2 protein chains.
Amino acid sequence: MTYQSADASGKSLGTDVLRARPCPHNAAASCSNCRLSDLCLPIALNKSEIQQLDNIIERNRPLGKGEHLYRQRDEFRSVYAVRSGSFKSYTLTSDGKSRVTGFYMPGEILGMDGIGTRSHGVSTMALEHASICEIPFSQLERLSHQLPNLQSRFFAIMGNEIVKDQQIHTLLSSYTAEQRLASFLLSLSTRYARCQRSPDRFLLQMTRGDIGEYLGLTLETVSRGFSSLQKKAIISVKSREIAITDMTALKAILGD
Amino acid sequence: MTYQSADASGKSLGTDVLRARPCPHNAAASCSNCRLSDLCLPIALNKSEIQQLDNIIERNRPLGKGEHLYRQRDEFRSVYAVRSGSFKSYTLTSDGKSRVTGFYMPGEILGMDGIGTRSHGVSTMALEHASICEIPFSQLERLSHQLPNLQSRFFAIMGNEIVKDQQIHTLLSSYTAEQRLASFLLSLSTRYARCQRSPDRFLLQMTRGDIGEYLGLTLETVSRGFSSLQKKAIISVKSREIAITDMTALKAILGD
DNA sequence: GCTGGGTGTTGATTAAGATCAAAAAGCGAC
DNA sequence: GTCGCTTTTTGATCTTAATCAACACCCAGC
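In this text the structure is predicted, and so the values were computed from the model without any measurement.

Draft legend 1. Expanded view of the protein's contact with DNA strand D. Of all residues adjacent to DNA strand D, which total 17 residues, the nearest are A:Ala177, A:Thr221, B:Ser223, B:Ser227 and B:Arg240. Near-protein atoms of DNA strand D (within 4 Å) split between backbone and bases, with sugar and phosphate holding 64%. Separating a phosphate oxygen of DNA strand D from a backbone N or O atom of A:Ala177 is a distance of 2.6 Å. At a separation of 2.7 Å, a phosphate oxygen of DNA strand D approaches a polar side-chain atom of B:Ser227. In terms of residues, the surface near DNA strand D owes the most to one element, helix H7 (residues 219-231) of chain B, which gives 5 residues. Tallied by class, the residues present in the surface near DNA strand D amount to 3 nonpolar, 7 polar and 7 charged.

Here it is in structure tokens:
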């Protein structure tokens, strides 16, 4: 099997190929012909249900790198599905430092932090050129009320978000720096695999600082961690390019 | 205003009063006459809707201290509302250590970690004699489909859970031990206030070890932290009894 | 090409909290 | 009440990652 980012050359990590197509734009104008539909909101919906969902989704202009989708304290209107590119969500702490609460890749849902409070608890920014499906929440609620499958699906999505957050809680409260990095890379790897990209060769769209803010480490520790994993021949790093060369060893870091 | 745990004596923290009624049993046989109904699932529901919700809720026998409500990997069937007492949820890490993912007090909803995966991601145990309202999830879904207000309410509850988890994420990735403890005590304080109990005088139902596992600290650090806050005259600690003597200073620890 | 700001690496030192250890306190069972 | 267990406190030492600092890199714009 070959992936979009695959590269025949031995030495190089395939820089230009990775650069040229960080995550290809998904030109779908509707869920029905979107290649992410089997990992996004429409899972478990039938054709007619997808059609109705399609009708409430707004497909806005793409965002450039660094552009905000919404900001902390903005009024909550919609949840969003990533169509292409990637995003980070972050908050500012009382002393002005920022902390990353999550990274989002194609097919993933974001913005659910506003559902309960009606205002966004975090800011969300594109890490690269990216496009998004906006789902106005009042309409999603109305439609969920008509389509039990959609209601069920959205409960499941929120439940999975809760599980993911609990796993991060455990990670931050007991893992070492090296374990956190291993877990982070493995998470990216599975998520890239899910959207048909190589699970062992990818380009990080976030800085070392972003990763540190997410994992509760400083950027220096993140950098040292990558260097150390490379020295152990578990990964190969060249600035933002990561290749996982020993998946078994990487998993072993998280314990038997 | 006096609270259930209030105590006239000066020196003592009021041990026996606190002991005798850690959180009084809420004898409600239905949501309609439950004194927690304005902070629990029924918020925003009208009388007839509450009646219908009541019909699907199972009020089982109370649990003793240390008893499990469900265990990690159990099949997911229900979510639960705490009626009286308190609970902790925890996971076991790969190396056998346990990590606490949350504490739950009267009026709070737990068990939502199973909604997406259909199996519980954590175990949940009563920290004291406790009673619970069990809400079979398939019936909750069915009823939510009939009652838009209930659907909306449950979306909001899950959204708030996500926000809470993100706040913990930020806390664990950037706060010092002292800040984590201050934040923890303030959280308990507001939650006690919500169920009509004293916000500045309460009994911890969990061990120092539990608190440490929740906050990503060792039990020794938790103990030292309490001692240090006491030395600064911000709180008064006598084993499990906590009195917050300087609320302003406690909040100031979290930064201006 | 050069220049400059953001980004990344690496080294030296420090500090916060973990770990190891021992004793005290609290509490249930008898 | 005593016994035995769990929980809590406190002290001494060790370790990990933070902090401080310097330099290298990389791409964007001129």
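Picking up after the structure, the text goes on.
Draft legend 2. The arrangement of the packing of aromatic side chains in detail. All names here are of chain A. Applying the stated rule across the entire model yields 19 aromatic pairs over all chains. Here the aromatic rings of Phe137 and Phe154 are separated by 6.1 Å at their centres, their planes lie at 50 degrees, and the arrangement is tilted. One end of the pair, Phe137, is in helix H3 (residues 137-146); the other, Phe154, is in helix H4 (residues 148-174), and 17 residues separate them in sequence. A relative accessible area of 1% means that Phe137 is categorised as buried.

Draft legend 3. Quick peek at the packing of helix H5 (residues 177-194) of chain A against helix H6 (residues 208-215) of chain A. Residue and element names in this part refer to chain A. The interhelical angle for the contact between H5 and H6, taken along N-to-C directions, is 110 degrees, at an axis separation of 11 Å. In terms of axis orientation, H5 runs roughly perpendicular to H6. For the pair H5 and H6, the contacting residues are Arg180, Leu181 and Phe184 in the first and Ile211, Tyr214 and Leu215 in the second. Residues of the contact of H5 with H6, tallied by class, amount to 5 nonpolar, no polar and 1 charged.

Draft legend 4. Examining the pattern of salt bridges more closely. Under the defined criterion, the tally for this structure stands at 18 salt bridges over all chains. When the shortest N-O distance is used, the salt bridge between B:Arg59 and B:Asp54 registers 2.8 Å. Connected via shared salt-bridge partners are A:Glu108, A:Arg191 and A:Arg194.

Draft legend 5. Representation of the sheet that holds strand E10 (residues 235-238) of chain A in the model. Residues and elements named next belong to chain A. Strand order in the open sheet formed by 3 strands is E9-E11-E10, with antiparallel pairing between adjacent strands. Each edge of the sheet is formed by a strand with only one pairing partner; in this case those strands are strand E9 (201-203) and E10. Direction aside, the axes of adjacent strands within the sheet are offset by 15 degrees on average. Relative to strand E11 (residues 241-244), E9 runs antiparallel, the two sharing 3 bridges. Counterpart to Phe202 in the pairing with E11 is Ile242. Contacts between helix H7 (residues 219-231) and the sheet are confined to E10 and E11, with E10 contributing the most and set at about 130 degrees to the helix.

Draft legend 6. Region of interest: the interface of chain B and chain A. Facing 44 residues of chain B, the contacting portion of chain A comprises 43 residues. Approximately 3700 Å² of surface area, both sides summed, lies buried where chain B meets chain A, with 61% of it carried by carbon and sulfur atoms. Between the two partners, chain B and chain A, sit 0 salt bridges. Our count for the chain B to chain A interface comes out at 9 residue pairs in polar contact (both at pLDDT 80 or more).

Draft legend 7. Here's a closer look at the relation of the copies chain B and chain A. Placing chain B over chain A gives an RMSD of 0.0 Å and needs a rotation angle of 180 degrees, together with 0.0 Å of translation along the axis. The symmetry that links the two subunits is that of a two-fold axis. Take the interface residues of chain B: 98% of them recur as interface residues in chain A, which is what a same-surface contact looks like.

Draft legend 8. View of the confidence of the model for chain A. All names here are of chain A. Scored by pLDDT, chain A has a mean of 88; 89% of the residues are at 70 or more. Summarising per-element confidence for chain A, the mean pLDDT is lowest in helix H1 (residues 15-20) (40) and highest in H6 (97). Here residues 1-24 is a poorly scored stretch, pLDDT under 50, and it has 51 contacts once near neighbours within four places are set aside; other chains count.

Draft legend 9. Helix H3 (residues 137-146) of chain B, seen in detail. Buried within H3(B) we find B:Phe137, B:Leu140, B:Glu141, B:Leu143 and B:Ser144. Check the buried side of H3(B) and you find it contacts H3 and H4 of chain A together with helix H2 (47-56), strand E3 (78-84), strand E8 (131-136) and helix H4 (148-174) of chain B.

Draft legend 10. Molecular detail of the pairing of strand E4 (residues 87-92) of chain B. Residues and elements named next belong to chain B. Most of E4 sits inside the fold, with 5 of its 6 residues counted as buried. In this structure, E4 lies alongside strand E5 (residues 98-104), joined through 6 bridges in antiparallel fashion. If you follow Leu92 over to E5, its bridge partner there is Ser98. Counting the residues that bridge the hairpin from E4 to E5 gives 5 residues, and of these Gly96 lies at a positive phi of roughly 85 degrees. Sheet analysis places E4 next to strand E7 (residues 123-126), joined by 4 bridges and oriented antiparallel. Within E7, the position partnered with Tyr90 by the bridge is Ser123.

Draft legend 11. Quick peek at the side chain of A:Lys88. Residue and element names in this part refer to chain A. Residue placement: Lys88 occurs in strand E4 (residues 87-92). Under the relative-accessibility criterion, Lys88 is labelled buried at 11%. Within polar-contact distance, the side chain of Lys88 engages the side chain of Asp210 at 2.8 Å.

The rules we used
- Residues numbered from 1 in each chain as written.
- Chains lettered and ligands numbered in written order.
- Predicted model: local features only at pLDDT ≥ 70, side-chain atom pairs only at ≥ 80, totals over all residues.
- Heavy atoms only, no water.
- Near = heavy atom within 4 Å.
- Polar contact = N/O pair within 3.5 Å; in protein donor to acceptor, adjacent residues only side chain to side chain.
- Helix = DSSP H or I, 4+ residues; strand = E, 2+ residues; numbered from the N terminus.
- Nonpolar A, V, L, I, M, F, W, Y, C, P; charged D, E, K, R; others polar.
- Phe/Tyr/Trp six-rings, centres within 6.5 Å; stacked < 30°, edge-to-face > 60°.
- Buried < 20%, exposed > 50% of the residue type's maximum accessible area, 1.4 Å probe, protein only.
- Axes fitted to C-alpha atoms, helices over the stretch in contact; angles between N-to-C directions.
- Parallel < 35°, antiparallel > 145°, perpendicular 65-115°, else oblique.
- Contact = heavy atoms within 4.5 Å.
- Salt bridge = Lys/Arg side-chain N within 4 Å of Asp/Glu carboxyl O.
- Pairing = 2+ DSSP bridges.
- Buried area = accessible area lost by both parts, 1.4 Å probe.
- Least-squares fit on C-alpha atoms with pLDDT ≥ 70 in both.
- pLDDT = per-residue confidence, 0-100.

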